[in-house]
Amino acid sequence: MSVSERVAAILLLGVLGLSSTLFGLSTATQVGLSHKVLVFPYETDFSFVALIPQKEMEMRAFTLCLRVATELQGERQIILFAYRTPDYDELNVWREKDGRVSFYLRGDGVFFHLPPLATFRTSLCLTWESRTGLAAFWVDGRRSTYQVYKPGHTIQPKGTILLGQDPDKHLGDLEAMQSFVGEVTDLNMWDYVVPRSQIQAWHYGHKVPKGNIFDWAAIEYELNGNVMVVDDD
């Protein structure tokens, strides 16, 4: 089975709510990454981590937080988070070629000028809610300027979540030049907008309510390719 066919099968099984491990398409589903870091050591078109949410991702609001570090610089896109349903990129987060950070809820995205991602870890959060369309990134506990984006929109369920790669279509096409290279840890997601005090508490490593979509300490995930899990030291 080619890489493209393998990824396509994993994405299809995600839509059907089935684990790819049942069909021998990835390593066994593992649970919990407390005090661990995902390391993506090389630029590839085959290494990624599939995440299994705790509940369906039909959302009219969300907060996504992760700690990220990368040596990648220059005019190169980097995918930070990809959620794909059969027909659309439902929620993709990117570092763009010009260094801006963006996210897309189907169609055109919204772009933010943030401090650059670098070799030292950045605490990065993204909040959005449908009622007003207010969206913002949070870097190391500090909020960007709000932008209004996709008011009234609903993120649809029955998709597949990947770290490390962006499936350009549901057939699973991957591009090495968009892949993530670096480290990701402490990824958490809620289906509501987390208040400033909790985002800042999370940044400083204090205890906060567990993510009800993804909770890093109990997250279900499947490794594919040469992604490494190492101690967070």
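Below or above, wherever it landed, is the structure these notes cover. (Residues numbered from 1 in each chain as written. Predicted model: local features only at pLDDT ≥ 70, side-chain atom pairs only at ≥ 80, totals over all residues. Heavy atoms only, no water.)

1. A short note on the environment of glutamine 73
Phase 1 of the analysis: Turning to its location among the elements, glutamine 73 is positioned in the loop between β4 (61–69) and β5 (78–84).
Phase 2 of the analysis: Residue glutamine 73 is classed as partly exposed on the basis of its relative accessible area of 47%.
Phase 3 of the analysis: Separated by 44 residues in the primary sequence, glutamine 73 and leucine 117 place their C-alpha atoms 8.6 Å from one another.
Phase 4 of the analysis: Aside from chain neighbours lying at most four places away, what touches glutamine 73 is Arg95, Leu117 and Ala118. (Helix = DSSP H or I, 4+ residues; strand = E, 2+ residues; numbered from the N terminus. Buried < 20%, exposed > 50% of the residue type's maximum accessible area, 1.4 Å probe, protein only. Contact = heavy atoms within 4.5 Å.)

2. Things to note about the sheet that holds strand β7 (residues 101–104)
Phase 1 of the analysis: Reading across from one edge, β1-β15-β3-β13-β5-β6-β7-β8 is the order of the 8 strands in this open sheet, with antiparallel pairing throughout. Where the open sheet ends on each side, the last strands, each with one partner, are β1 (30–31) and β8 (109–112).
Phase 2 of the analysis: Alignment of strand β3 (residues 48–52) against strand β15 (residues 220–224), held across 5 bridges, turns out to be antiparallel. Opposite leucine 51, over in β15, you have tyrosine 221 as the bridge partner. (Pairing = 2+ DSSP bridges.)

3. Examining a nonpolar patch on the surface
Phase 1 of the analysis: Taken together, Leu134, Tyr146 and Val148 make up a surface patch of nonpolar side chains, about 270 Å² in accessible area.
Phase 2 of the analysis: Mapped onto the secondary structure, tyrosine 146 falls in the loop between β11 (142–143) and β12 (147–148).
Phase 3 of the analysis: When its relative accessible area of 40% is taken as the criterion, tyrosine 146 is described as partly exposed. (Patch = residues over 30% accessible without salt bridge, like charges linked within 9 Å, V, L, I, M, F, W, Y side chains within 5 Å. Areas by Shrake-Rupley, 256 points an atom, 1.4 Å probe, with all protein chains shown as cover. Salt bridge = Lys/Arg side-chain N within 4 Å of Asp/Glu carboxyl O.)

4. Overview of the packing of aromatic side chains
Phase 1 of the analysis: A full pass over the atoms with the stated rule returns 7 aromatic pairs.
Phase 2 of the analysis: Ring centres of phenylalanine 103 and tyrosine 149 lie 5.1 Å apart, and the angle between their planes is 80°; on these two criteria the pair is classed as edge-to-face. Placement of the pair is phenylalanine 103 in strand β7 and tyrosine 149 in the loop between β12 and β13 (160–163), with a sequence separation of 46 residues. Across the pair, exposure class does not vary: phenylalanine 103 and tyrosine 149 are buried alike. (Phe/Tyr/Trp six-rings, centres within 6.5 Å; stacked < 30°, edge-to-face > 60°.)

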